[in-house]
Amino acid sequence: MSENHHVLLLDFTDGAACRAAFDEAAHLPGLRQSAIVEREADGTLDFPASQVRGAGATTVGAGVAGGLAGLLGGPIGVLLGWVAGTALGNAAETWRDEAGGAGLIVLSEEVEDGHCLLVLDVVESSPEPADELAARHGTTLRRLPADELAARVKAARRAADEA
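Residues numbered from 1 in each chain as written. Predicted model: local features only at pLDDT ≥ 70, side-chain atom pairs only at ≥ 80, totals over all residues. Heavy atoms only, no water.

S.K.: Looking at this structure, how should I read the nonpolar core?
M.R.: If you look at soluble globular proteins, the nonpolar side chains tend to sit buried side by side. Counting 18 residues, the largest nonpolar core has L10, F12, I36, L118 and L120 as its most contacted members. Those elements that place two or more of their residues in this core are β1 (4-12), α1 (15-25), β2 (31-39), β4 (115-124) and α4 (128-136). Residues within four places of F12 in sequence aside, it is in contact with A17, C18, A21, G114, H115, C116, L118, H137 and T139. With 12 residues, the next largest nonpolar core counts L9, V37, L107 and L149 among its residues. (Core = buried A, V, L, I, M, F, W, Y, C linked by side-chain atoms within 4.5 Å. Buried < 20%, exposed > 50% of the residue type's maximum accessible area, 1.4 Å probe, protein only. Helix = DSSP H or I, 4+ residues; strand = E, 2+ residues; numbered from the N terminus. Contact = heavy atoms within 4.5 Å.)

Below you can see the structure in the form of structure tokens.
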């Protein structure tokens, strides 16, 4: 069975229902990140909740690997290796978080006044779990290929750089 990397978009008019779906979505198989994009009736934009599965794991893992590599240099080598590994791991996580934030900014254009958008970054082996989540919460689900959103973010960045 093949896996598909999608960004799932679930539109809500009720913020409480969106938050309930956000909490339930944390258990979706293949979930990488989730966030709520909320636009008030006056057009004010808010990002009230987000989560990244495995946040910090890259930083910790790189720090441990750097420390182990530094064993050859003794105690100072362990310390320097751990610091260098942690810095590299943190840089990778920061890049991922910035890319996710840019994606939310691009998607915020699609949120109507008075609506909430639940955004789920998922690698799906089957569409049923997400389809069932949407059905339980009485909303529609749109699947956007992750590479399509990445292209939109890249185009937005390019347009911002040119402006």
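S.K.: Could you clarify how one ought to interpret the sheet that holds strand β5 (residues 141-145) in this entry?
M.R.: Sheet strands line up and pair through hydrogen bonds in the backbone, either parallel or antiparallel. One open sheet accounts for 5 strands, arranged β3-β2-β4-β1-β5; its pairing is antiparallel. Each edge of the open sheet is held by one strand with a lone partner, namely β3 (45-52) and β5. If you compare each strand with its neighbour and ignore which way they point, the axes differ by 20 degrees on average. Of the pairings in the sheet, the one linking β1 to β4 comprises 9 bridges and is antiparallel in character. In the strand pairing of β4, F12 is matched with C116. Against the sheet, α1 makes contact with β1, β2, β3 and β4, and its axis sits at roughly 175 degrees relative to β2, the strand it touches most. (Pairing = 2+ DSSP bridges. Axes fitted to C-alpha atoms, helices over the stretch in contact; angles between N-to-C directions.)

S.K.: Mind showing me how you'd approach the pairing of β2 here?
M.R.: Regular strands place their side chains on alternate faces of the sheet. Most of β2 sits inside the fold, with 8 of its 9 residues counted as buried. Summarising the sheet, β2 and β4 pair through 8 bridges and their orientation is antiparallel. Bridge pairing in β4 links R39 to H115. In this structure, β2 lies alongside β3, joined through 6 bridges in antiparallel fashion. Directly across from I36, in β3, lies its bridge partner A49. Hairpin connection, β2 to β3: the antiparallel pair is bridged by 5 residues, and G43 has positive phi, about 95 degrees.

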